[in-house]
Structure formats: C-alpha cells, structure tokens
Amino acid sequence: MISKAKLIALVILIFLAGYFLEKAIDISEDKLPGSVEGTIEVISEFFSVFVAFSIFTIAWYSYNKSRNNRYLFLGMMFYFVGILMLFHLLSYPYMPEFFTPNSYNKTAIFLLASRIILATMFLASAYIHKDTLSVLLKKSFLISVIIIFTAISFASVYFYRDSLFVSYNFYGYSYITVFFLSITTAVILYACYRYFKEFKETGDKSLIYLIYGSLIIILSNIVYFAFEFSAHFLIITGFFYIFLSLYKSSVESPYEKLAIAEEKLRNATEEKYRNLFNNANDAIIIHDIECKVTSWNHASEKIFGWTAEEITGKHLLRILVPEESRAQMQRIACNIDRDDTSYFEPELFRKDGRRMNASMTVSNLRDENQNVIGNSWIIKDITERKQAEEMLKTLSLRNEAILASVPEIIMEVDENKVYKWANKAGYQFFGDDVIGKEAAIYFEGEQKTYEVVMPLFEGCEDVIYIESWQRRKDGEKRLLAWWCRVLKDSKGNITGALSTARDITESKQMEIALKENEARLSEAQRIAHLGNWEWNVKTNELHWAEENYRVFGLSRDVKPSLEAFLNTIHPDDLKLVQKSMDDALHGKPYDVDMHIIRPDGQEGIVNAKGEVFFDEENRPIRMSGTVQDITERKQEEEKLKLFHDLIEKSNDAITIVDPETGIILDANEKASSSLGYTRDELLNMHVYDFEITLPDTFSWNEHVKEIQKEGNLFLEGKHRRKDGTIFPIEVSVNLLEYENKSRIVAIVRDITERKKAAEMSHENERLVYASKAKNEFLSNMSHELRTPLNAVIGFSELLKMKTIGDLNEKQEGYVDNIRYGGKHLLNLISDILDLSKIDAGKMELVIENISVPETLDQTIVMVEEMAKKSNVSLIKELSPDLEFIEADKQRFIQILFNLLSNAIKFNRKKGGIVTVTTNREGDMAKFSVSDTGIGIKEEDKNKLFNDFEQLDSGITRKYGGTGLGLAITKKLVELHGGKMWVDSEFGVGSTFTFLLPIKANKGEKNT
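Our subject in this report is the structure included herewith. No experiment lies behind these values; they were computed from the predicted model shown.

### A word on the packing of helix α4 (residues 104-126) against helix α7 (residues 206-223)
Here is step 1 of the chain: At a closest axis distance of 12 Å, the pairing of α4 and α7 adopts a crossing angle of 155°. The orientation of α4 with respect to α7, classified from their angle, is roughly antiparallel. The hand of the α4/α7 crossing is left-handed. For the pair α4 and α7, contact is made by R115, L118 and F122 and by L210, S214, I217, S220 and N221, respectively.
Here is step 2 of the chain: Residue composition of the contact of α4 with α7, grouped by class: 4 nonpolar, 3 polar and 1 charged.

Written out as structure tokens, the structure reads:
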C-alpha cells in the first residue's frame, strides 16, 4: 500500500506535469498547430472515460466471485459517470456537434452532473456493505437501471437548449459552479470519513485506495477551471485508485481466500487420506522388477497427464525419464538390491513433452517372503519450488551485491559483542581480519560506548544512536556515527546486534567551522541592522535576536512574543501579515514588506522573511526567519519608481541630454517608437544627428545658454524619423539638476493628429452644412412635387373612369401612361422623403408586437401578382422558434416588400424561384430572401446600398429603378437596431439577409 508521503508526491508530480504541459502549449501556441491543445485535452478526457468504464467492467464481471454489493453499486455508479463524462467530452466547441449546439457551458453542465452523481453515489456506497440491499442490488435489476439512465442521459442532450440550466453560466468559477463543487466536496469528504471509520473497524485495505481516489477527485474538481490538464490527469489518477480498490476487494481478495482455503483443504486431505492410494496428492507409481507400471494413482494422472489405462504395463523409464538420465535412474530407482528407501530429485517428462522438477522417494515393495517384487515411487512436482529456490538464490546474490555496494559500514555482533559479519565497507575500514574480534578492540581512547549500547543487550531498547571514535586499519583516528539495532530469534531471545556506521569526521569539523561562521554572521547582522527570530508554533514561544529591538524600536524590557510583534504592525498591514503567516503554515513562502509604528510614533517599513519546518505528519512545528529595516530603501525606490513611471508612461518622446556635449544619455520607449531608432541607437547620439527644422536657425550652444538662463525653452517645428518621414513636433526643453549634475530634459510631442484634426474640423463643418442643405432641399422639393402629382394622378383616374365622357383606344393608352408615370414618380418622391427623414434623424418607429408568419403572408400577397407575371415561384421556410418580434409593422412590411419585389424583378423569367427563410439566432430574428436571378459582381457589392446608385446603365434600362430601394431598406433595418448584408454569385443568384432584435429596446427612441 502506498504511503501518504508517496501519495502526496505522486499527486504533486501529476499536477505539475499537467501544469507545465499546459504552460508549454501556451508558450508555443504560435509554433504549434491550433489543434494540439484540443487533441491532448480530448485524449486525457477520453482516458478518464475509459478508466470509468473499466471500473464498471471489473465490478460487473468480478461480482460472481466476490458477491460484494458495495462494489457492484460503485461499478454501476462509474458507468453513469462514464456516460456523463463522455457527453462532457463530446460537448466541447471544437468537437462535432452533439445533438444540440456544443459550448463550454454545455461541457460544464455535464461535468457538474457527473460530479454530483459521483458524490451522491460515494455517500450512498458508504452505507452499503457486502450484503446490503441484496434484493435490489442484482445484475438483472441494475441492467434496467443502466438502460433507463442511458436513455435519460441521451434525452438530456437532445433537450439541452430547452432546459432551465442553459441560461446559467456554469463554465469557470461562477457562483453556481462553486456552490455545486462545494456541496459535492463536502459530500465526498463525509463519505471518506465513513470509509475510514469502516477501515478502522474491519481492516479492509481496499477502503484506503477508495479514500485516496476520492480525495484526488476532490482536488481535481478544485483545480479544474484554472489548470485543465492537471485536473484531467488527477481525475484519471483518482479513478485509477478506485479501480485498484475494486480490484483488490473483488478480484485479489477472493483469490487469496480461495488459495488459503485450497491450502487448508490440501493439508487436511494429506493428513486424513495419506495412506489412501487413489486420493493422495502426490503421484504414487508402482512398478514390478522389470520396471513396468502396475499401479498409477489419480495424482499421477494429474501430474504427468497419462491415464492409468495408457501407462499400465509400459516401461516406466522409457516414458518418464529423459534419455540422458535413464542409465542412472536404472541404477537408483529400479535396483532391487539397494536399500529399502532412497530420495533424490530427478528431472522427468510429462505427456505434453514438458520437463518437470520432481522430488522422488523410492521404496522397495516386498512380498510376504520379503522378496523384492518391485518399487513404489512417491513423486511431487517441485518445479515451482525449484524456480523459487533459484529466484531466492538470485535475490540472495543480489542482496549481497547491494550490501557490498552500500558506502556505509554494516557490522553484525553476537550477544558477546564479537564481530560475526561485515559488508565490504566494514572490511575496508577495520581490515580483513575483523571477524571474530571483540568490538571494543577498535575503540579509541576512553569511551563509554558499551554503557550507552548496553540497553540493547538488556532488551530495553530496539535502536540506539551513538557517536564513537574508532581506530581504522591504518591506525588513523576517525569519528563514526552508529545506529545499532538489536537482533532476536523467533522466541524473542537476543542473539546480537546489527549496526550501521558513517564516517562523520569531516562533517564534525564542518560543524565546528559552522559555529565559528555563525558567530561572524551574528556580528555582521549587528553591523547590517539585520535581525533574526524563531517561533515555536506548538508552544507559541517567540525568540529574537538583539538587533530586533533596534529594528522595531522596542525597549529591552519587552519580552519577545507574538503579541509584542503584532502590536508593532501598522493597522493597515495587520491582516496582510497575519494572512502571510497563515499561508506560510500551509506551505507557502513567507516574504512580506510591512509598515510598522514604533513606540515613539515614527513609522517604518520592515521586510520579514521566514521558513516553516514540518514534522513527519506535515504539521508545522516551528518557523524562523529574518527582519530588516528597509524604510530608507523603500523611500528611494518610490521616488525612482515614480520618476521612471512618469517618463516611461508618457505619451511624449522624452530624452535626457548632457548640456555640455549634446549627447543623449537616456530616452523613453516613446522616443524610440516615434523616432524609429532602438533605445541602444539613441544612446550616445548627438542632437546634431537628428534633422530638426525649427523656425529660426538652430544653434545648440545658443539654446543651451537660453535654457540655463531661463530654465526652460519651447519650440515648434518638424522632425525627420530614421526612415525619412517628416512629422510636426512641439519641443519643451527644461533644465534639471540630478546627482549634482545639470541635465537637459527634452519633451518632444508629435502634433500630427492635432494638425489633421484642425484641418478635418473645417472640412466636417462644411460637410455638415452641405448635408443639411441637401436634406432640406429634398424635403421641400418632395413636398412641392407631391401636390401637383396627386392632382395629375387624380385627373387621370377620372379620365380612366370616363365620368366626363368616353375615350378612344389611343386616348385610354395616353391616360394609362400618365397614371403609371405619376404613380411611379410619387413612389420615387416618397422614397426620397423617407431617405431624407432617416438621414435627418426625424423618422420615428411605432414599435408593436407583430406576428412574423402573418406579416410575411400579408407581404407575399402584395407581390403574388408580380411573381405570376414574371413566372417566379415563391417558397416559405419558416422556423417554428420565431413567432413574434417587436418592430414597426409598416416599416417591416416595407423592408420585406422591397427585398421580395427586387428578388422577383431580377430573377429568371423562365421558372425562377424566390425563397423566404426565417430563423432565430439567440435574441435576434434572422430573415433571408434568396433568388435564382442574375446575381451581383464582386466589384459591385460595395455600391449596392448607396443612395441613387444602380450597378450599371444596362440594368437600369432593362429593369428600371432609382437605386433608392435597397438603400432605404438597409437604413430601416439599422434603424430597428439590426444589420443587413448580401451574399451573391454572379449569374447564379443572390441572398439578402437581415437581422432584427426580437425584443426592441424600448428605453431608447429609434429615430
């Protein structure tokens, strides 16, 4: 069974493997194909699904032998979890669509569902024992449960987008995800508590693997959304431990019990029936003086493979004994003149041709006159024993090699403290003649070594540590560190001791040198004002060095304590310090800068570093570290940081120049990017190296004098970059005293955008005025034209109705032309008015809840006659998900009418098709009008929605139109808060698509 420390190390290694793999992919994302990360994630997730189904498989097929209801229940649980995790894997966005649209939220829902079922089943299994619920927990019943759950799982995928959960965000550490993970974590922890309690009562070691797997699963849940690869690897590890638990309980344990039972049965049978020939476990063979078989028991049949009928009467040596051994066997086994009983271990044949190692006892059989009439062979198959002996011999040689290679001295003494065995290092230290000598011979000087180790030989101690000076074989005095362990026989009697030793002479010398160095370090700390401290976590005692009093400004009367330390911390930093200490006790580094308030009221800044030491059970026992007053350093760092930030974050180019030489000493990032030079190129360049055009003749010396006199200088001109481009600049020059030296700070501002903005401001004013004048003109002209046009249309209709007299055929034709032309011109004027209203922001929408199918039918009625005349078929493909939208019904009909009439007008005249499609995309309604007409050239698409623009004169002459319909349509769509576009292939057809919000934004006025 794996130890806790090894388990923790394994979990950490698995976590780090996932973490560094993820980081490596992130770092190399520009070099690696985009599918690499997804492929690794899919493989790891699939492997966890595979392990889950493996757990189900081993539980299911081992139940016939184990009859353990708990593990059958756990197997069924992991079938459920495997199904949900498979759905989780198939729901990733980069996987093929799985019934409903894939998304990360969908994957998170199935992940949480698997964890909730996992936690629930763990808790339930903690209350199920081997014979619990024997009526329900049967394979026949569980098959029904599995079928029902599988059907429900598939149904949940199919109805996913209609479920309540789809509106929540489960992906990442959202509040609802954290809530579910917290609940499942608590449930699994309680189940682990129940498992551990049962382990204490029953000693069932398989429960420990179950606990380990559960805890690793909890850790995987916690890190999943932050470290996905680590979480995948951990969940596989957790499932593997569950698999081990089931294997040990359901497979290994039953076979162990079976083997023990068989061994007991065999021993009992041998004891009870050893004299019964046919029931003996050993092969018993009887042959006559000619070595022909006369009796052959059942064990012989099993061992050798021949039946009694097959072997009786046959020459035994020719069948069982290899040819190279027959002569020897003839002398030993078939010799009637030898002693009554002989034992040896020959190699014999089986029926299948394999050889076996046998232990054979040969005894003479005599008749009533004591004449030898044959022999009996009692044979055991010792092939496995021989193999074990060979393995033991190999292991023995291996162990001897290992002990010989160990650098530490290993010595064994008997109860009289006389050396009886030594490894290679022992011989090298004490000499080849050490065996048989008393240990005390090698003691150097007067030592009480025997007095220290005597409790071993009195049975009072098991292991004792002692340091002893010993004399090496060359006579040199060396210090050895001994670990002595008592040796006992099977009855508990002390037979001697086994000791290991390490030469620590040099390390002792280093220890002495270290103490001297510590004294020097203490003196150095006093000079550097660096204090140190140590805190006993168990007793809460705190010790600190003398220098700590000066760092914190405390009186020597203050007793070192945690309370005294915390009282010096500034209230604003107190929680930070307490949290840092608490984090350190949980394994995190302790390195914190804190503000303190000394007793005299002065504030300071102190840096504290520390390290926590833990016992074997990973509990903190003490913490030690240093404190240093960094007040002055922090103040200087703040000044430098502020100055550096001001320069580096400036939007202007800043250079620092030596006033005497004109050499650039420093420059910020903006100077490098705006001038086109690298920072290394800028450094050590002279101001004359730049081409600067200023209003007056530039003279560095004259300007330096002016700067030194006035303290600053402001100029405006032009500057040439490294690539030769010229841009306008403002230059502000100031004199700065830094480190007792004069420096000139030049701030160069690129005013290109400001110059452009000034020019564009005048142009924009002109365009606004022109647009306003155009809209007013169009509006006024449209109103002026509508009155006479209405009169023309009205009088033409009166003439058509013949209310003032009959018309001849030619006159009726003229009247029709007048009426058609008037209506066409009126429609054109209405379009111009709509366009001017939209551009002027005066068109208001009347929003209402309208039925999409009904409105579409109304619009189609308006164009049906036109479609029939053009031999165009109208097709509707309406989505049942889109019933109502909020829009201006009149404008919505206008949009549809414009698109449908255009699709009919530009369609094929012989069997053209116009298709209207509706769909729902999130909170938007999608409408498409497709035709099989002339299509649009790629270079003409950007002209399609422009005002008063047709694609070419030929189309205008052939089809008519003003070029306003699509422009108005697009603007009406955008007025509703939607968007419109076209997809077209020249000569094939076009599809005009627009999106409208299903719910109008009533908080804003659409104008």
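### Topic: α7
Here is step 1 of the chain: Relative to the 26 Å expected for 18 residues at 1.5 Å per residue, α7 spans 27 Å between its end C-alpha atoms, a close match to the ideal helical length.
Here is step 2 of the chain: Of all 18 residues in α7, 15 are buried, a share of seventy percent or more.

### Concerning the side chain of T568
Here is step 1 of the chain: Along the chain, the position of T568 falls in the loop between α18 (562-567) and α19 (571-585).
Here is step 2 of the chain: For T568, the side chain forms a polar contact with the main-chain oxygen of F565, separated by 2.6 Å.
Here is step 3 of the chain: Filtering out sequence-adjacent residues up to four positions away, T568 remains in contact with F552, L554, H595, I596 and I597.

### Brief notes about the packing of aromatic side chains
Here is step 1 of the chain: Using the criterion set out here, one finds 14 aromatic pairs in the structure.
Here is step 2 of the chain: Between the aromatic rings of Y419 and F430, the centroid separation amounts to 5.8 Å while the plane-to-plane angle is 40°, which identifies the pairing as tilted. Of this pair, Y419 sits in strand β8 (residues 419-422) while F430 sits in helix α14 (residues 424-430), placing them 11 residues apart in sequence. In this structure, Y419 and F430 share a single accessibility class: buried.
Here is step 3 of the chain: Residues W533 and Y590 carry aromatic rings whose centres are separated by 6.2 Å and whose planes lie at 90° to one another, so their mutual orientation is edge-to-face. Note that W533 is positioned in strand β12 (residues 530-536) and Y590 in strand β14 (residues 590-597), a separation of 57 residues in sequence.

### Regarding the nonpolar core
Here is step 1 of the chain: If you look at the biggest cluster of nonpolar residues, it comprises 61 residues, and the most contacted ones within it are F78, F122 and F239.
Here is step 2 of the chain: The element best represented in this core is helix α3 (residues 69-90), accounting for 15 residues.
Here is step 3 of the chain: Contacts of F122, omitting those with residues within four sequence positions, involve L74, M77, F78, I188, A191, Y195, L210, S214, I217 and I242.
Here is step 4 of the chain: Counting 38 residues, the second-largest nonpolar core is a separate cluster that includes V872, A887, V914 and F992.

### Comments concerning the sheet that holds strand β26 (residues 912-921)
Backbone-to-backbone hydrogen bonds pair the strands of a sheet. The strands run either parallel or antiparallel.
Here is step 1 of the chain: Strand order across the open sheet formed by 5 strands is β24-β26-β27-β29-β28, with mixed pairing between neighbours. If you trace the sheet from one side to the other, it starts and ends with β24 (872-877) and β28 (979-985), each paired once. With direction set aside, neighbouring strand axes in the sheet form an average angle of 15°.
Here is step 2 of the chain: Relative to strand β27 (residues 924-931), β26 runs antiparallel, the two sharing 8 bridges. Paired with T915 across the bridge in β27 is S930.

### Digging into the packing of α4 against helix α6 (residues 175-202)
When two helices pack together, their arrangement is captured by the angle between the axes and the distance separating the axes.
Here is step 1 of the chain: Interhelical geometry of α4 versus α6 gives an angle of 25° and a closest axis separation of 8 Å. One element, α4, and the other, α6, form an angle in the roughly parallel class. You can see that α4 and α6 cross each other, and the crossing is left-handed. Side by side, α4 and α6 meet where L112, R115, I116, A119, T120, F122, L123, S125 and A126 of the first sit next to T177, F180, L181, T184, V187, I188, Y190, A191, R194, Y195 and E198 of the second.
Here is step 2 of the chain: Counted by class, the contact of α4 with α6 contains 13 nonpolar, 4 polar and 3 charged residues.

Definitions and cut-offs
- Going along each chain's sequence as written, the residues are numbered from 1 onward.
- With pLDDT at 70 or above as the cut-off, local features in this predicted model cover only qualifying residues; side-chain atom pairs require 80 or more to be listed or tallied, and sums for whole chains, interfaces and linings still use all residues.
- For the side-chain quantities, the full set of heavy atoms in the structure was used; hydrogens and water were omitted.
- An axis is simply a line fitted to the C-alpha atoms; with a helix, the fit covers only the stretch in contact. Between two such axes, the angle follows the N-to-C directions and lies from 0 to 180 degrees.
- Helix and strand definitions here come from DSSP, where helices need a minimum of 4 consecutive H or I residues and strands a minimum of 2 consecutive E residues; each element is numbered from the N-terminal end.
- Roughly parallel here means an angle under 35 degrees, roughly antiparallel means over 145, roughly perpendicular means 65 to 115, and every remaining angle is called oblique.
- Here is the rule for handedness: rotate from the far helix to the near one, and if that takes an anticlockwise turn smaller than a right angle the crossing is left-handed, while a clockwise turn gives right-handed.
- We call two residues contacting when some pair of their heavy atoms lies within 4.5 Å.
- Think of it as three bins: nonpolar holds Ala, Val, Leu, Ile, Met, Phe, Trp, Tyr, Cys and Pro, charged holds Asp, Glu, Lys and Arg, and polar takes everything else, Gly as well.
- Expected helix span is taken as 1.5 Å per residue step, with the number of steps being one fewer than the number of residues.
- Type-normalised accessible area, obtained with a 1.4 Å probe on protein chains alone, sets the label of each residue: buried when under 20%, exposed when over 50%, and partly exposed for intermediate values.
- Here a polar contact is taken to be a pair of N or O atoms separated by no more than 3.5 Å, where protein atoms must pair a possible hydrogen donor with a possible acceptor and residues adjacent in sequence count only if both atoms sit in side chains.
- Only the six-membered ring of Trp is used, alongside the rings of Phe and Tyr, when aromatic pairs are assigned; centres must lie within 6.5 Å, and planes under 30 degrees apart are stacked while those over 60 apart are edge-to-face, with the rest tilted.
- We call a set of buried residues a nonpolar core when its members are Ala, Val, Leu, Ile, Met, Phe, Trp, Tyr or Cys and they connect through side-chain atoms within 4.5 Å of each other.
- Paired strands, in this sense, are two strands between which DSSP finds at least two bridges.

Just geometry here; none of it tells us what the structure is for.
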